[in-house]
Amino acid sequence: MMMGNTNLQRRLVIQLERIGDLIQSTPAFSSLAERGIPYDLLVCEHARDLLSGMPGSDSLRTIPISQVEHANGVIAAAWRGSGVPEEVRELYQGLALPRFGSSINLSHQSFASWVQGAVDAQEKVGSQIRPGEWTYQGAWPNYLVALFDFRTQNQFNLADIYRAAAGADRPPLAEATP
């Protein structure tokens, strides 16, 4: 039984990529569940059936991939201009995300990074966009972005990197910190 399950003990896990990346993220979700860490998932709507009933997840929040892709384009255009347009802010507000103890962004695209920057969480891991900057928090997200040619230089499976970003402390990554 989990004691004192408040929002500040919960984690938000953001994975707004396509099905392949989502499947590689499931070990991270399982790692959180195995350690008794409550988490909410924010995923694209096409993942609803795949992830409904995922162990440890108390909330599955979905958004249509068409809205994510549109927001990605709007954010990219606004990055060169005066900030994020109101339509993206409204899309985010429609998610009605509460405050979290931590947030883990396993995605690399604009809207997920903007959500990560906007969400109210005490600790953040992964990429985030805040006014005027796009940053990466945590050793494993920084490892991924630092590779010149990720597909040939990466020494780890994405599933293991996602588990590490979620705080898994068992092999194979326990002794392989970048």
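The coordinates are above.
Residues numbered from 1 in each chain as written. Predicted model: local features only at pLDDT ≥ 70, side-chain atom pairs only at ≥ 80, totals over all residues. Heavy atoms only, no water.

1. A few points about the packing of helix α1 (residues 19-34) against helix α8 (residues 158-165)
Relative to each other, α1 and α8 sit at 50 degrees, their axes nearing to 7 Å. The angle between α1 and α8 places the two elements in the oblique class. In this structure, the crossing between α1 and α8 has a hand that is right-handed. On α8, the residues touching Asp21, Gln24, Ser25, Pro27 and Ala28 of α1 are Leu158, Ala159, Tyr162 and Arg163. Among the residues making up the contact of α1 with α8, the classes are represented as five nonpolar, two polar and two charged. (Axes fitted to C-alpha atoms, helices over the stretch in contact; angles between N-to-C directions. Helix = DSSP H or I, 4+ residues; strand = E, 2+ residues; numbered from the N terminus. Parallel < 35°, antiparallel > 145°, perpendicular 65-115°, else oblique. Left-handed = near helix turned anticlockwise from the far one by under 90°. Contact = heavy atoms within 4.5 Å. Nonpolar A, V, L, I, M, F, W, Y, C, P; charged D, E, K, R; others polar.)

2. Brief notes about unusual backbone geometry
You will see that Ala96, though not glycine, has its phi angle at about 50 degrees, which is positive. Relative to the elements of secondary structure, Ala96 occurs in the loop between α4 (86-94) and β4 (100-105).

3. Structural notes on the pattern of salt bridges
This structure, assessed with the given rule, holds six salt bridges. Arg99 is the partner of Asp120 in a salt bridge, and the nearest nitrogen-oxygen pair spans 3.4 Å. Separated by 21 residues along the polypeptide, Asp120 in the loop between α5 (110-118) and β5 (121-130) and Arg99 in the loop between α4 and β4 bring together distant segments of the chain. With a relative accessible area of 41%, Asp120 lands in the partly exposed category. Close ionic contact of Glu133 with Arg130 constitutes a salt bridge, the shortest N to O distance being 2.6 Å. On the basis of relative accessible area, Glu133 is assigned to the partly exposed category, the value being 30%. (Salt bridge = Lys/Arg side-chain N within 4 Å of Asp/Glu carboxyl O. Buried < 20%, exposed > 50% of the residue type's maximum accessible area, 1.4 Å probe, protein only.)

4. Overview of α5
Counting buried residues along α5, eight of its nine residues qualify, which places the element largely inside the surrounding structure. Along α5, the residues classified as buried are Ser110, Phe111, Ala112, Ser113, Trp114, Val115, Gln116 and Gly117. Among the residues of α5, the N-terminal cap falls to Gln109, whose side-chain oxygen and the backbone nitrogen of Phe111 are separated by 3.0 Å. (Polar contact = N/O pair within 3.5 Å; in protein donor to acceptor, adjacent residues only side chain to side chain.)

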